[in-house]
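Okay, here's what each chain looks like letter by letter:
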Amino acid sequence: MLNVEQIRQDFPILDQEVQGEPLIYFDNAATTQKPNQVVQQLVDYYQKDNANIHRGVHTLAQRATEQYEASRQILADFIGVQSNEIIFTSGTTAGINFLARSLVQPRLQPGDQIMVTRLEHHSNLVPWQELARRSQAELVFAPMTATYQVDLAALQVMDTNKLKVIAIQHVSNVLGIQQPLEAIVAWAHQHDILVLVDGAQAIAHQTLSVKELDVDAYCFSGHKMYGPTGIGVCYLAERWHEDAQPFNFGGEMIHQVFDTYSNYKEAPWKFEGGTPPIAQAIALAESVKYLQNHGLMVIRQHEEALTRVLIQGLQQVEGVTLMAEGPLDQMGHGIVSYNIDGVHPHDAATAYDLEGIAIRAGHHCAQPLMRLLQVPATLRASLAMYNTMAEVESFIETTRKVKEYFQYGA
Ligand code: PMP
């Protein structure tokens, strides 16, 4: 069992009052808090080892380089891939833009198709809209089942000559639903279709072997897995390292530079032009160690138990409508979206804040999904490893209060 009380000691930010009430932080899908170990790693790096990497022969430069490359190995082991398949980026958005421009654009012919779903975060939609426009390709939407998963049977009728890439989320940041990636990959790879995955909402909530999933690329952000902002990872399978063109040209990524042309380093370095976020990459390894020390299976069990009570509790509040109520194995990532009848989500979120509870209200960067759900916005509660059952219960109680407050006025 997860020792949540001990874990909370590592997150002093949680131990504060907001609006005179103990803080309940349920906005973890937006960003997680950072444990002392990660913050301390940033401080240690800047106080003891700070130097630019790869170029210097002096001791500090070597230490910084070693730590940066060691971090790459730790991230690779974490998701079960080779270290040269880990490209450091500034986050999921940067990783997806890199894939669109470096890997996919050179492969597209006018009339080719790119497939996404209507559940995508704008970060995994807008780059593909833009690429489709530039390449005269067509953006198509995957057929979905009533439970918001890709309809595998309906995929069979797609024109597999035209369809070149499927860009899809692993887990929805609005509904918490997981997509059946194994089956999608099995179908897509039979037809030489690339599968590129936005793993932003999966990475901190389940055990994962990206190698076993056999996707072509998988992107995630450090700040949603208890790590710093400004750092992310794009896994790119080695089989695509030759085809993919560098995207950022300049220092760090070159091998030799002549007057009118240059040649480039091998992957992953040819994809990391300029000084990378060194401190953040090193501290991200610390957040991986933190997750591993507690164990993702155990974290998952804890979060699933909380999610179950959260969903059941909300279902019992009259006037609350959940946006999706799938089986927990498809939505045990601690993300629950809902609305309270007759209350605008922004008003409700403000009322929660007055009770010390941080949740999200809005379209969650998923406007096409809002249209599908036929709502302008939703409330979203999202959990992390440091949340407690008492917090969930208090949250349900507050939901009742919020509902009554708006029903009868103050
Ligand atoms: N995809 C999903 C599913 C997300 O939830 C987010 C962050 N809300 C992103 C992509 C974008 O991540 P970032 O802003 O860290 O690049």
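Residues numbered from 1 in each chain as written. Predicted model: local features only at pLDDT ≥ 70, side-chain atom pairs only at ≥ 80, totals over all residues. Heavy atoms only, no water.

**Q** Hey, could you run me through the site of the ligand in this one?
**A** By nearness alone, every residue bordering the ligand is listed as T92, T93, H121, S123, N173, D198, A200, Q201, S221, H223 and K224. At 3.4 Å, a backbone N or O of T92 approaches an oxygen atom of the ligand. Coverage of the ligand by the protein chains reaches 84% of its 390 Å² of free accessible surface. The residue inventory of the shell around the ligand, partitioned by class, reads 1 nonpolar, 8 polar and 2 charged. (Near = heavy atom within 4 Å. Polar contact = N/O pair within 3.5 Å; in protein donor to acceptor, adjacent residues only side chain to side chain. Areas by Shrake-Rupley, 256 points an atom, 1.4 Å probe, with all protein chains shown as cover. Nonpolar A, V, L, I, M, F, W, Y, C, P; charged D, E, K, R; others polar.)

**Q** I would appreciate a short explanation of the packing of helix α2 (residues 36-49) against helix α9 (residues 278-294) in the present structure.
**A** How two helices sit against one another is set out by the angle between their axes and by the gap between those axes. Direction vectors running N to C along α2 and α9 enclose 150°, while the axes themselves pass 8 Å from each other. For the pair α2 and α9, the sense of crossing is right-handed. Contacts between α2 and α9 involve Q37, V38, Q41, L42, Y45 and Y46 from the former and I278, A279, Q280, I282, A283, E286, S287 and Y290 from the latter. Across the contact of α2 with α9, the residue classes tally to 9 nonpolar, 4 polar and 1 charged. (Axes fitted to C-alpha atoms, helices over the stretch in contact; angles between N-to-C directions. Helix = DSSP H or I, 4+ residues; strand = E, 2+ residues; numbered from the N terminus. Left-handed = near helix turned anticlockwise from the far one by under 90°. Contact = heavy atoms within 4.5 Å.)

**Q** Looking at this structure, I do not really get the sheet that holds strand β13 (residues 320-322). What am I missing?
**A** The 4 strands lie next to each other as β13-β14-β17-β16, forming an open sheet whose pairing is antiparallel. Single-partner strands in this sheet number two, and they are β13 and β16 (360-362). The average undirected angle you get between the axes of adjacent strands in this sheet is 35°. Taken together, the 3 bridges between β16 and strand β17 (residues 378-382) define a ladder with antiparallel strand orientation. Bridge assignment links G362 to a residue of β17, and that residue is T378. Across the sheet, helix α10 (residues 296-315) lies against β13, β14 (335-340) and β17, angled at about 10° from β14, the strand it touches most. Contacts from helix α12 (residues 345-354) reach β14, β16 and β17, with the element oriented near 40° to β17. (Pairing = 2+ DSSP bridges.)

None of the figures reported here should be taken as evidence of function without further support.
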